[in-house]
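The residues making up each chain are set out below.
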Amino acid sequence: MFVESEMRLKKWFSQSPSKTIVATGFIAITPRNIPTTLREMEVISLYLLWVLYSGLAKSQFGPMLMVYTVQTPEKVADAVILNKLSYQEAWEKSYFGANVLHPRTIIPVMHYGIPIVIRNILNLSAPGTMICRPSIDENEGSQHLDSPVKGFATIDNVALINVEGTGMAGVPGTASAIFSAVKDVGANASSEHSVCFAVPEKEVEAVAEALQSRFLHALDAGHLSQRGYTYKREDCIRALKAVHSRFYLSRTTIAMGIIGPGLIGGTLLDQLRDQGNFDLSRWRELVKEEGEVADMQKLLTRDSCGTLSYIFNNFKGTRSLSEVVSEAKQAGYTEPDPRDDLSGTYVARKVMILARESGLKLELSDTPVQSLVPEPLRAAASAEEFMKQLPQCDKDMAKQLQDAEDAGEFLRYVGVVEVINQKGLVELRRYKKNHPFAQLSGSDDIIAFTTARYKNQPLIVRGPGAGAQVTAGGIFSDVLRLTSYLGAPS
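As a convention, each chain's residues are numbered from 1 in the sequence order in which they are written. Where totals are concerned, whole chains, interfaces and linings use all residues; where local detail is concerned, this predicted model gives features only for residues with pLDDT of at least 70, and gives and counts side-chain atom pairs only at 80 or more. Computation of side-chain values covers all heavy atoms of the structure but excludes hydrogens and water.

1. Quick notes on helix α12 (residues 321–330)
Three labels apply to residues, based on accessible area from a 1.4 Å probe with only protein chains included: buried if under 20% of the type maximum, exposed if over 50%, partly exposed otherwise in between. Secondary structure elements follow DSSP: runs of H or I of four or more residues count as helices, runs of E of two or more count as strands, with numbering from the N terminus. Leu321, Ser322, Val324, Val325 and Ala328 are the residues of α12 that are buried. Down the axis of α12, the sector holding all buried residues measures 165°, keeping them to one side. Working definition: the arc comes from the directions between the helix axis and the C-beta atoms, pointing outward to the latter.

The following block contains the structure:
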């Protein structure tokens, strides 16, 4: 058959030379010139062409599918096309249900080293999947898969049966006896201490009865136990999606919304534009053209402990509190309404974070907070009205500042976590000039850890606590940490 086919192929090729041969497959004739079909579809046709005429350089064919990271991409929306597969990987995927190649068609192409490119005839721009020897870089191209796992599959209507027990240890032939009872059921014994195999779901009861009959005495004596497992099909799909994503075969997508791209939000968008793969070159123009006005009073505000640090680092000498608060507001350190900063709520939130990290179960309501908003101004109708009336309340804070300076001390607004007493508090305190808190400048924040080992000299953590770049950078860092937690490769 091969000799005759080779002669016919060479004769045809000599009369119709071409650089590209489109072989549709399926159709052939018997030695008696009776039309017939090839058993294993297109790949057998390509295999025969390759073997019979070795001048062909590469074999390609175009079914309607491509090779994905799951055998049923309609179940996993973020399944991706595999750029390259080894023959062994392609064989395993086809064996477990990938509807592209029949397992038996892989054997001849693997034997002769025939590279196969699977293309989608409805999407010719897609590169498709190359099946070839494993020496070719599997990570080449745009996919960049670091994981050796190339895909996942679920098999429907299959149940797992587990037989285990101390009665199996050291008893030769147990697995043989189990499979003898099941007879023609294909199975895979994991060890002589435990045997697990798969059967069609509809045959679970019959197999269970056969095993119970065969091992009745061992089961009654407690030397063996038998369990069967079946799972809902929708649970299999959920599991398939989970493992597919966890092995980095899916792109990790996070929907992120920025409400109010002001100083902080705008800076974050600029950082995403400069450091990420995002087309944000025209975001300011789009905001002007398509943006909608929002009621900022209904939105959450940002955390800004660095604001109070800036205020008290600059509240000294003859400067008034209202002057420094106005300066901080103009620099973009405060909230639109500075009362949100002066109330001390943000500092209290930081205290709660540190307390919980230390193992304390504290709530915000458990923490006493000394508000710096003067009592008469807490009900001011607007931020503008508050800033207008604030100079009228400078006298009290000026006296506290003078008393501290006369004693050679500095005023600092601090949050304290007392782990031993299991409490937290936020208040205005005075510190000597040699204390780390008294040596801050600008909008720097500082944390001092006083422990058994850091008792005489506390462990100090210091850095910028306010400003657009710092705050936006912190949000950017949180986004990256979240994507890593959700399974994105680092």
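2. Some thoughts on the pattern of salt bridges
Salt bridges, as used here, are contacts in which a Lys or Arg side-chain nitrogen is within 4 Å of a carboxyl oxygen on Asp or Glu. Under the definition given, this model contains 16 salt bridges. In this structure, Glu418 and Lys423 form a salt bridge, with 3.9 Å as the shortest nitrogen-oxygen distance. Overall, Glu418 belongs to the partly exposed group, its relative accessible area being 22%. For Lys423, a relative accessible area of 38% corresponds to the partly exposed category. The salt bridge involving Glu427 is made with Arg429; its shortest N-O contact spans 2.6 Å.

3. Thoughts on a nonpolar patch on the surface
Patch criteria: residues need more than 30% relative accessible area and no salt bridge. Like-charged residues are merged within 9 Å; nonpolar side chains of Val, Leu, Ile, Met, Phe, Trp and Tyr are merged within 5 Å. Working definition of accessibility: Shrake-Rupley area with a 1.4 Å probe, residue cover restricted to the visible protein chains. A surface patch of nonpolar side chains, amounting to about 460 Å² of accessible area, comprises Leu354, Ile447, Phe449, Tyr454, Leu459 and Val461. At the level of secondary structure, the elements contributing two or more residues to the nonpolar patch comprise β12 (444–449) and β13 (459–464). With respect to the helices and strands, the residue Tyr454 is situated in the loop between β12 and β13.

4. Concerning the packing of helix α5 (residues 174–182) against helix α6 (residues 204–214)
Every axis corresponds to a line fitted to the C-alpha atoms, with the helix fit spanning only the stretch in contact, and the corresponding angles, defined between N-to-C directions, vary from 0 to 180 degrees. Contact pair α5 / α6: the axes reach a minimum separation of 9 Å and the direction vectors enclose 130°. The orientation of α5 relative to α6 falls into the category oblique. Crossing geometry of α5 relative to α6 is assigned as right-handed. Between α5 and α6, the residues in contact are Ala177, Ile178, Ala181 and Val182 and Val207, Ala210, Leu211 and Arg214, respectively. Of the residues assigned to the contact of α5 with α6, the class counts are seven nonpolar, no polar and one charged. Here the word oblique covers every angle except those under 35 degrees (roughly parallel), over 145 (roughly antiparallel) and from 65 to 115 (roughly perpendicular). By convention the crossing between two helices is left-handed if the near helix lies anticlockwise of the far one by an angle smaller than a right angle, and right-handed if it lies clockwise. Residue contacts are counted whenever heavy atoms from the two residues lie within 4.5 Å of one another. In this classification, the charged set is Asp, Glu, Lys and Arg, the nonpolar set is Ala, Val, Leu, Ile, Met, Phe, Trp, Tyr, Cys and Pro, and all remaining amino acids, among them Gly, are polar.

5. Here we look at unusual backbone geometry
At Asn33, a position not held by glycine, the phi torsion is positive, near 60°. Examined against the element boundaries, Asn33 turns out to sit in the loop between β1 (27–29) and β2 (35–37).

6. Here's the deal with the pairing of strand β11 (residues 423–432)
Strand pairing requires that DSSP identify at least two bridges connecting the strands. Two strands pair when backbone bridges link them, and strand β10 (residues 409–418) and β11 are joined in this way by 10 bridges, in the antiparallel orientation. Looking at β11, one finds that Val414 is bridged to Glu427. Where β10 hands over to β11, the hairpin turn is made up of four residues, of which Gln422 adopts a positive phi near 55°.

7. Things to note about the packing of aromatic side chains
Between 30 and 60 degrees the pair is tilted, below 30 it is stacked and above 60 it is edge-to-face, where a pair is any two Phe, Tyr or Trp rings, Trp via its six-membered ring, whose centres lie within 6.5 Å. For the structure on display, the rule yields four aromatic pairs. Between Tyr310 and Tyr333, the ring centres sit 4.7 Å apart and the planes meet at 55°, which makes this aromatic pair tilted. One end of the pair, Tyr310, is in helix α11 (residues 305–314); the other, Tyr333, is in the loop between α12 and α13 (339–342), with 23 residues separating them in the sequence. Residues Tyr310 and Tyr333 agree in their burial class; the two are buried. Seen from their ring centres, Tyr431 and Phe437 are 5.2 Å apart, and the 70° between their planes marks the pair as edge-to-face.

8. Notes on the side chain of Thr307
Looking at where Thr307 falls in the secondary structure, it is placed in helix α11. Judged by relative accessible area, Thr307 falls into the buried class, the value being 0%. In the analysis that follows, any N or O atom pair within 3.5 Å is treated as a polar contact, provided that within protein one partner can donate a hydrogen and the other can accept it, and provided that, for residues neighboring in sequence, both atoms belong to side chains. A distance of 2.4 Å separates a polar side-chain atom of Thr307 from the backbone oxygen of Tyr333.

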